[in-house]
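# Survey of secondary and tertiary structure
Take a look at the letters that make up each chain.
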Amino acid sequence: MFGILFEGDRWMAQIGYNETVMDHFMNPRNVGVIENPDGYGKVGNPVCGDLMEIFINVKDDRIDDIKFRTFGCGSAIAVSSMVTEMAKGKTLDEAIKITRNDVAEKLGGLPPQKMHCSNLGADALHAAIKDYWVKIGKISLQEAAEEEEV
Ligand code: FES
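Computed from a predicted structure; not experimentally measured.

### What about the overall build of the protein chain?
- Of regular secondary structure, the protein chain possesses 7 helices and 3 strands.
- Beginning at the N terminus, the succession of helices and strands in the protein chain can be written as α-α-β-β-β-α-α-α-α-α.
- When the 150 residues of the protein chain are sorted by exposure, 43% land in the buried category.
- Here the contacts in the protein chain between residues at least 6 apart in sequence split such that 59% fall between residues at least 24 apart.
- If you sum the accessible surface of the protein chain, you get close to 8100 Å²; carbon and sulfur atoms cover 52% of it.

This is how it looks when you write it as structure tokens:
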């Protein structure tokens, strides 16, 4: 097990991950599932087929609790962890403004060949917020499905 981790560690470093990315990959924050969440977002990455789910609970219009589950690469896990940290405690209006680039920047950057992995985080977060907004009648399903500018 240790050997596998060490090899994985070395391999990740060879890809060009910085310490922040490595930390969030090795010690991801907010992993898990919220049963009956207020909002739920699930997105797939068309480039590689990886998948991310984000669950949120909302209190006083703020993200009170947030969890993620990701079936993907090291970058996708680090991105998931970071986006949940960035969103926690923010109002929904603030959190919906978190972009793919914001997450990548906060991680100190990703290697060019892994930049596409940063898409899942913000997209899944936005999907969870929109799911909540549809539930409370703030937006329509059609509005929730509209493409976003990133
Ligand atoms: S390779 Fe699929 S999200 Fe990174």
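### Describing the pairing of strand β3 (residues 62-71)
- As judged from the 9 bridges shared by strand β2 (residues 51-59) and β3, these two strands associate in the antiparallel manner. Note on β3: the bridge partner recorded for L51 is F71.
- As consecutive antiparallel partners, β2 and β3 are separated by 2 residues, and within that stretch D60 has a phi angle of approximately 50°, a positive value.

### A look at unusual backbone geometry
- Phi is positive for N30, close to 65°, though the residue is something other than glycine.
- Along the chain, N30 turns up in the loop between α2 (19-26) and β1 (39-44).
- Taking the relative accessible area as the measure of exposure, N30 reaches 11% and is therefore buried.

### A short note on helix α6 (residues 119-135)
- In a regular helix each residue adds 1.5 Å, so 17 residues correspond to 24 Å; α6 covers 24 Å between its end C-alpha atoms and thus fits that length.
- Residue G137 follows α6 closely and has a positive phi angle near 80°.

### What to know about the nonpolar core
- Ranked by internal contacts, the top residues of the largest apolar core, which has 35 residues, are I54, I56, I63, L92, V103, L125 and I129.
- Those elements giving two or more residues to this core turn out to be α2, β2, β3, α3 (74-87), α4 (92-95) and α6.

### Digging into the packing of α3 against α6
- Close contact between α3 and α6 brings their axes to 8 Å; oriented N to C, the two are set at 45°. In terms of orientation, α3 and α6 fall into the oblique class. By crossing handedness, the relation of α3 to α6 is classed as right-handed. Of the residues in α6, those touching α3 at A76, V79, V83 and A87 are L120, G121, A122 and L125.

### Focus: the side chain of D50
- Inspection of the secondary structure assignment puts D50 in the loop between β1 and β2.
- K114 provides the closest opposite charge to the buried, unpaired D50, separated from it by 6.5 Å.
- There is a polar contact of 3.3 Å between the side chain of D50 and the backbone nitrogen of C73.
- With sequence-adjacent residues up to four places away left out, D50 is seen in contact with V43, G44, N45, F71, G72, C73 and L120.

### Notes on α3
- Over its 14 residues, α3 runs 20 Å from end to end, which matches the ideal 20 Å to within 8%, given 1.5 Å per residue.
- Once α3 ends, the next one or two residues include G89, with phi positive near 85°.

### Concerning the sheet that holds β2
- If you walk across this open sheet you meet the 3 strands as β1-β2-β3, and the pairing is antiparallel. The sheet terminates laterally at β1 and β3, the two strands that pair on one side only. Taken over all neighbouring pairs, the strand axes of this sheet differ in orientation by 15° on average, direction set aside.
- Contacts from α3 reach β2 and β3, with the element oriented near 175° to β3.
- Sitting on the sheet, α6 touches β1, β2 and β3, and the angle it makes with β1 is about 140°.

Conventions we followed
- Residues numbered from 1 in each chain as written.
- Predicted model: local features only at pLDDT ≥ 70, side-chain atom pairs only at ≥ 80, totals over all residues.
- Heavy atoms only, no water.
- Helix = DSSP H or I, 4+ residues; strand = E, 2+ residues; numbered from the N terminus.
- Buried < 20%, exposed > 50% of the residue type's maximum accessible area, 1.4 Å probe, protein only.
- Contact = heavy atoms within 4.5 Å.
- Areas by Shrake-Rupley, 256 points an atom, 1.4 Å probe, with all protein chains shown as cover.
- Pairing = 2+ DSSP bridges.
- Expected span 1.5 Å × (residues − 1).
- Core = buried A, V, L, I, M, F, W, Y, C linked by side-chain atoms within 4.5 Å.
- Axes fitted to C-alpha atoms, helices over the stretch in contact; angles between N-to-C directions.
- Parallel < 35°, antiparallel > 145°, perpendicular 65-115°, else oblique.
- Left-handed = near helix turned anticlockwise from the far one by under 90°.
- Lys, Arg positive; Asp, Glu negative; His and termini not counted.
- Salt bridge = Lys/Arg side-chain N within 4 Å of Asp/Glu carboxyl O.
- Polar contact = N/O pair within 3.5 Å; in protein donor to acceptor, adjacent residues only side chain to side chain.

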